[in-house]
Amino acid sequence: MGRSKSDAKITMKKIWAYLKKDKKTALALGFLFSISLAGLLLPFLSIDPNNFDPLNIQGPQPPSWQHPFGTDDLGRDLLLRCIDGARVSLMVGLIAMSIAMSVGTFIGAIAAYIGGWVDQLLMRILELFLAIPSIFLILTIQIMLKPSIYNVMIIIGLTSWMGVARLVRAELLSIKERTFITAARARNIAPLRLLFKHMLPHAINPMIVAAMLGMGYAILLESVLSFLGLGVQPPNASWGNMLENSLAFMRDAPWMALIPGLLITATVMALNYLGDALRQAWDPRA
Amino acid sequence: MKIFILKRILAAIPLLIGITALSFVIMKLAPGDPTLIYTDPSVSLEDLKQVQQNLGLDKPVLHQYMYWLKNMFQGNLGYSYLSHKPVIVAMTERLPATLLLATVSLVVILALTLPLGLISGQKKDTLFDHSVTFFTFLGMSMPTFWLGLMLILALSLYWPLFPSSGFIDLSLSQAPWPQKIASILWHMALPLVTMVLGGLAALTRYHRFGIIGTLKQDYITAGRGRGLSEKRLLYKHAFKNASLPLVTILGLELPGLISGSFVIEYIFAWPGLGQLGVQAVFARDYPILMGTILFSSILMVIGNLIADIAYAWVDPRVTLK
């Protein structure tokens, strides 16, 4: 493993050099870092984002010095709710993406490693999942289960692993034939060890890029679900359900619809830029 | 070629059966009794049982699915629990609106993607390229439903230029057809812009990569060496080859354009299949939902097939087996 560690060092150096040059990516990283930090710190500040300002209870108030993002229909401060929503949306994105990555890696690795009819069967199942319009599937399951933040994570994860599985399978299939794997096989290394310690690390770069894009996708899906009332439930704030809440006040309080959407867009865009930058750092052809 | 198409269609049948079986089981596992929507709230328990029996809902799931499958092959998809119309009729009513929106947006997307991707690929790392890249990233990162909301907010509530929902002015039922078409187009403006901005991004990015990759090919360098003008190289030699992957992507996007438009149709109250499907989910109208899923799956199979055939057609090196 000594060699791959020094590889990782070189890659980190490359990424750092890239960040210094590419201000957009640095900005994306900074943005993601600050909203995560704000979201994580909020619970420790003993401010309840569900608290309403008794002086402002007469409907939504436009942005002011006191409430930089304005307040919602119940007089709750939107800046606090957006920060609270950041934690929820990022957590849903992160966990849903992790589920998708684990399932995808597992299925892709099994398919590539065992091959034969197992591969065939798994690929047919994958096609099945790809073919069902996932949004109907997600909506149906979400109606069937109680809408909750955990169900949202699980469902998004379990319906978006297919891309990762294909990627891992393709990467492993090309690695499988290389000499160092044949050598490892000849040394009688246990199959699981061979798979996880010798084969998968070589596919890690495209997997990390896929994880970035997958997290953005999960955040977008969460916002759709919550917007339709099937995701994160009030009084908890998520960017999606804040948008749902804004619908009734579109005419009088446009800031309620504008700000959470801008935050979703900025977050997903930052993730996409980051994924793209990583791809360029690792694959100069792109 | 004919054998290839036939083979692919035959191979699609088990896939379609798998899709419908999986969706059917998931729906049946859902709690909530659709008969409660089907009947009056004051119905007696015996009558409710009778309705369940009539709909076959007291039978085991496998039995119900086989029954659905048998009817499906005979062209009967059942009746909507909500409107009591045959599913086929309910869906055919909704098809024109969806097809209209999908086709027009596809044409507009193509008309914008080809030049945008071409210029931004050729002028890589210029201001133009950077702005195109920025907007494609923006398009990929924006929740489409929010984009729709913002358009309604700006162009329908703030400056009332376009209607925020619907398909046609209902007062126009007696009007001559040019007026009707104008009204439909006017209603379509906002959903169309939403669909186009959402769908444009990925394709443009893809086409840009295609152009950049093609311009690096040896035959382009060779052409340059032979003194061909850059314009000729770009439009005559690179453009065609770089467009090849787009054909595949388009075939794969075809079903997405329809099933992907569901939130857009929902937001703009556009009377298409997507809106029907979302309403069916909320109302637990299983026959309609099964019909919608079947339709989008068939569309996906057709889209894949078209992509393969088109690919072989534009690239003679590819043979279909």
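All of these numbers come straight from a predicted model, not from anything done at the bench. (Residues numbered from 1 in each chain as written. Chains lettered and ligands numbered in written order. Predicted model: local features only at pLDDT ≥ 70, side-chain atom pairs only at ≥ 80, totals over all residues.)

For chain B, the helix and strand inventory stands at 13 helices and zero strands. Helices (α) and strands (β) of chain B occur, in sequence order from the N terminus, as α-α-α-α-α-α-α-α-α-α-α-α-α. Within chain B, buried positions represent 35% of all 321 residues. If you take every contact in chain B between residues at least 6 apart in sequence, the share linking residues at least 24 apart comes to 71%. (Helix = DSSP H or I, 4+ residues; strand = E, 2+ residues; numbered from the N terminus. Buried ≥ 20, exposed ≤ 12 C-beta atoms within 10 Å, placed from the backbone. Contact = placed C-beta atoms within 7 Å.)

Scanning chain A for helices and strands turns up twelve helices and zero strands. Tracing chain A from N to C terminus, the helices and strands come up as α-α-α-α-α-α-α-α-α-α-α-α. The buried share among the 286 residues of chain A stands at 42%. Within chain A, counting contacts between residues at least 6 apart in sequence, those at least 24 apart form 69% of the total.

Before going further, it helps to spend a moment on the environment of Thr214 of chain B. Residue and element names in this part refer to chain B. Among the structural elements, Thr214 can be located in helix α8 (residues 177-215). By the C-beta count within 10 Å, which is 22 here, Thr214 ends up buried. In the structure, Thr214 is positioned 27 residues away from Asn241 in sequence and 7.1 Å away in space, judged by C-alpha atoms. Setting aside its immediate chain neighbours within four residues, Thr214 contacts Ile220, Ala238, Asn241 and Ala242.

This part covers the packing of helix α8 (residues 179-186) of chain A against helix α9 (residues 191-199) of chain A. Residue and element names in this part refer to chain A. The interhelical angle for the contact between α8 and α9, taken along N-to-C directions, is 145°, at an axis separation of 11 Å. Considering the relative orientation of α8 and α9, their crossing is right-handed. Mapping the contact onto sequence places Ile181, Ala184 and Arg185 in α8 and Leu194, His198 and Met199 in α9. Here the residues of the contact of α8 with α9 sort into four nonpolar, one polar and one charged. (Axes fitted to C-alpha atoms, helices over the stretch in contact; angles between N-to-C directions. Left-handed = near helix turned anticlockwise from the far one by under 90°. Nonpolar A, V, L, I, M, F, W, Y, C, P; charged D, E, K, R; others polar.)

Attention shifts here to the confidence of the model for chain A. With 90% of its residues at a pLDDT of 70 or more, chain A shows a mean pLDDT of 81. Looking over chain A, one finds the lowest element-wise mean pLDDT in helix α1 (residues 2-21) of chain A, namely 65, and the highest in helix α3 (residues 78-114) of chain A, namely 90. (pLDDT = per-residue confidence, 0-100.)

Looking now at unusual backbone geometry. Within the chain, Asn188 of chain A stands out as a residue other than glycine whose phi angle is a positive 65°. Exposure remark for Asn188 of chain A: the 7 C-beta atoms within 10 Å place this residue in the exposed category. Despite not being glycine, Asp125 of chain B has its phi angle at roughly 65°, a positive value. Considering the arrangement of structural elements, one finds Asp125 of chain B in the loop between α5 (87-122) and α6 (127-141). In this structure Asp125 of chain B comes out as exposed when scored by C-beta crowding, with 9 C-beta atoms within 10 Å.

The partner chain B presents 33 residues to the 30 residues of chain A that form the contact. Of all the elements in the fold, those that place two or more residues in the side of chain A that touches chain B are α4 (116-131), α5 (134-144), α10 (204-227) and α12 (254-282) of chain A. Among the elements that take part in the side of chain A that touches chain B, α12 of chain A stands out by supplying nine residues, more than any other. Of the residues contributing to the side of chain A that touches chain B, the split by class is 22 nonpolar, six polar and two charged.

Turning our attention to the packing of α5 of chain B against α6 of chain B. All names here are of chain B. Contact geometry for α5 and α6: axes closest at 8 Å, N-to-C directions at 130°. By the angle between their axes, α5 is oblique relative to α6. Classified by chirality, the crossing of α6 by α5 is left-handed. Of α6, the residues touching α5 (which contributes Leu116, Ile119 and Ser120) are Phe128, Asp129, Val132 and Thr133. When its residues are assigned to classes, the contact of α5 with α6 shows four nonpolar, two polar and one charged. (Parallel < 35°, antiparallel > 145°, perpendicular 65-115°, else oblique.)

On to the confidence of the model for chain B, then. All names here are of chain B. Averaged over every residue, the pLDDT of chain B is 81; residues scoring 70 or more account for 90%. Mean pLDDT in chain B bottoms out at helix α2 (residues 35-38), which sits at 60, and peaks at α6, which reaches 89. Scored as a whole, the predicted complex attains pTM 0.84, and scored at its interfaces, ipTM 0.83.

A separate point is the environment of Ile114 of chain A. Looking at where Ile114 of chain A falls in the secondary structure, it is placed in helix α3. Taking the C-alpha atoms as reference points, Ile114 of chain A and Pro191 of chain A, separated by 77 residues in sequence, lie 9.9 Å from one another.

Looking now at the nonpolar core. Ala96, Ala218, Val224 and Leu274 of chain A together with Leu289 of chain B are the most contacted members of the largest nonpolar core, which has 129 residues in total. The element that contributes the greatest number of residues to this core is α3 of chain A, accounting for 17 residues. In contact with Leu289 of chain B, other than residues within four places in its own chain, are Phe136 of chain A together with Met27, Gly277, Ala280 and Val281 of chain B. Counting seven residues, the second largest nonpolar core, distinct from the first, contains Leu215, Leu234, Ala238 and Ala242 of chain B. (Core = buried A, V, L, I, M, F, W, Y, C linked by C-beta atoms within 7 Å.)

Right, let's talk about α8 of chain A for a bit. Counting buried residues in α8 of chain A gives zero out of eight residues, a small share hidden from the surface. With its phi angle positive at about 65°, Asn188 of chain A sits one or two positions after the end of α8 of chain A.

With respect to the element layout, Ala183 of chain A can be found in helix α8. C-beta crowding within 10 Å serves as the criterion here: with 11 such atoms nearby, Ala183 of chain A is assigned to the exposed category.

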